[in-house]
Each structure stands twice: as C-alpha cells, then as structure tokens.
Amino acid sequence: MAEWFLTVGGEKFIPFGPSHLFMLFLYASGAFLLLFFHHHIRSKKRLFETIRWTLFTLLLGCEITYQIWTAIHGIWVHNLPFHLCGIAGLVGAAALFTLNKKLMVITFYIGLIPAFLALLTPELPYDFPNFRYVKFFIHHIAISLTAIFVAIIAAKSGAITLKSMIETYLFLVMYALLVGLVINTLLNANYLYLSHPPTTPSPLDWFGSGIWYRLNLGFVCFIVFFLQFLSYRPLQQK
C-alpha cells in the first residue's frame, strides 16, 4: 500500500479507454440513483445521513490525502485546492457538515458542471492504479454527486433562486479576480485556468486567447449557472 501511494509513474492514461469509461459509468449510475430516488432520499433519514456522511468523508479524505501526496513529491505549490473543483470540494464538505443553505447553493452551482466536465476531459498523465488517477475520479465524482445531493435538499426549502444564482456568480467573479491577480501571480500558476486552457483537450480550447479567453469564460459560466437554475426545478417537491 505504501509503495502504491508513493509511486509517481505508471501506464499512460487513455481518454475514453476502459478505465475512463468505467468511472464515467460509475458517475452516471450515482447521478441517476440520486435523481430517480430524490423524494425517497429526503423522506428516509437513515438513507439521507448515510449518503451525506459518505460524500463528506470522500471529499475531505481525497483532499487531505492528495495534499500529503503532492507534498511528498514536491509538487504541492501547483496542486493546492484553488481550482474550481478544489474549492467546490471544500465548500461541499462544509455544506454537508453544516447543511447551511448558502453553502449548499454555492456547491450546486460551482460543483456540478465543472466536476462533470473534468470527468469527461481529465488532465491525467497516468492510468489506474496510479494514486492520482484514483483520487481524481473519486474526488470529482464525489464533488458532482454532492452538488446533486445538496440541490435535492436545497430545492425543498426553495433556497435556489435567481437571486442566489446571481449572488453565487458574483462570488465566483470576485474569487476569480483574487486568483488571477494574486494567487496565480505569486505562485506562477494557472489556477482556474485563467491564463490558458488545461494541457489536455477540453471545451476551454474553443474560448480564444488573451482577454477574449477570460471574457468567454465569464460569459459561458453565467449561461451554465442560468441553465442549472432552470434544471433544478424538477427536484422541487410537488
């Protein structure tokens, strides 16, 4: 186990290869079960608590073990949880722990689609059983499923509104300014992919370059948030 955890290399990761498709199937199955049984989940306290604390453990466990792994291998500075999925994982864990409405709303908006897109276009050098592969998929699956789970809870209370969507978007814009102007500059990093798209093919490759790249990021993010706002309505109780 220690040797596996400490290993850096491995077989090259193949996008949409067997191991990738398996993880996508795992995610799709989890998302389907949460959505199909959302009324049942809300009404059964034991099931609700089991899902809640399982997701909480996965989010926190993945982040802690990954930070230890990156520190051991000397790549900690460029792998801090400043990317959107990293922040979504931490905010999601806090939302699950506290069941705070504002945290749940933020988790829904910043966790669902970014983590899903990351699952489709993973920035991974090595395949299973490399630790980074295991952590990446478990973490991003947990982030996106957490976003669905908290939306199920938040929909019951009516916390997801157009106002809360706009507030979350403005929060993200302010966070992006902090990352772009301060964190990326100090660490010579590319958190939030504000400087350029990831090294692996992704939809961000279509966003142009320079100032247009950043403006397109902001515009598409707003559209995605609005579509998520519209899509949550079937989760509301009749």
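Residues numbered from 1 in each chain as written. Predicted model: local features only at pLDDT ≥ 70, side-chain atom pairs only at ≥ 80, totals over all residues. Heavy atoms only, no water.

Here the focus is the pattern of salt bridges. Under the definition given, this model contains 2 salt bridges. Linking Glu49 and Lys45 is a salt bridge whose minimum nitrogen-to-oxygen distance equals 3.6 Å. Placement of both Glu49 and Lys45 in helix H4 (residues 45–72) is noted, with a separation of 4 residues, approximately one turn of the helix. One salt bridge connects Arg52 with Glu49, and the closest N-O pair in it is separated by 3.2 Å. Residue Arg52 and its partner Glu49 are located together in helix H4, separated by 3 residues, close to a single helical turn. Where salt bridges share partners, they join Lys45, Glu49 and Arg52 into one cluster. (Salt bridge = Lys/Arg side-chain N within 4 Å of Asp/Glu carboxyl O. Helix = DSSP H or I, 4+ residues; strand = E, 2+ residues; numbered from the N terminus.)

Attention now goes to the packing of helix H8 (residues 162–187) against helix H9 (residues 210–231). The N-to-C vectors of H8 and H9 enclose an angle of 150°; their axes lie 10 Å apart at closest approach. Considering their axes alone, H8 and H9 lie roughly antiparallel with respect to each other. H8 and H9 meet at a crossing whose hand is right-handed. Side by side, H8 and H9 meet where Leu162, Met165, Thr168, Tyr169 and Leu172 of the first sit next to Gly218, Phe219, Cys221, Phe222, Phe225, Phe226 and Phe229 of the second. (Axes fitted to C-alpha atoms, helices over the stretch in contact; angles between N-to-C directions. Parallel < 35°, antiparallel > 145°, perpendicular 65-115°, else oblique. Left-handed = near helix turned anticlockwise from the far one by under 90°. Contact = heavy atoms within 4.5 Å.)

Turning our attention to a nonpolar patch on the surface. Together, Leu162, Ile166, Leu170, Phe171, Met174, Phe219, Val220, Phe222, Ile223, Phe226, Leu227 and Leu230 give the surface a local cluster of nonpolar side chains, amounting to about 1000 Å² of exposed area. When contributions to the nonpolar patch are tallied by element, the ones reaching two or more residues are H8 and H9. The element best represented in the nonpolar patch is H9, accounting for 7 residues. Mapped onto the secondary structure, Leu230 falls in helix H9. Relative accessible area serves as the criterion here: at 38%, Leu230 is assigned to the partly exposed category. (Patch = residues over 30% accessible without salt bridge, like charges linked within 9 Å, V, L, I, M, F, W, Y side chains within 5 Å. Areas by Shrake-Rupley, 256 points an atom, 1.4 Å probe, with all protein chains shown as cover. Buried < 20%, exposed > 50% of the residue type's maximum accessible area, 1.4 Å probe, protein only.)

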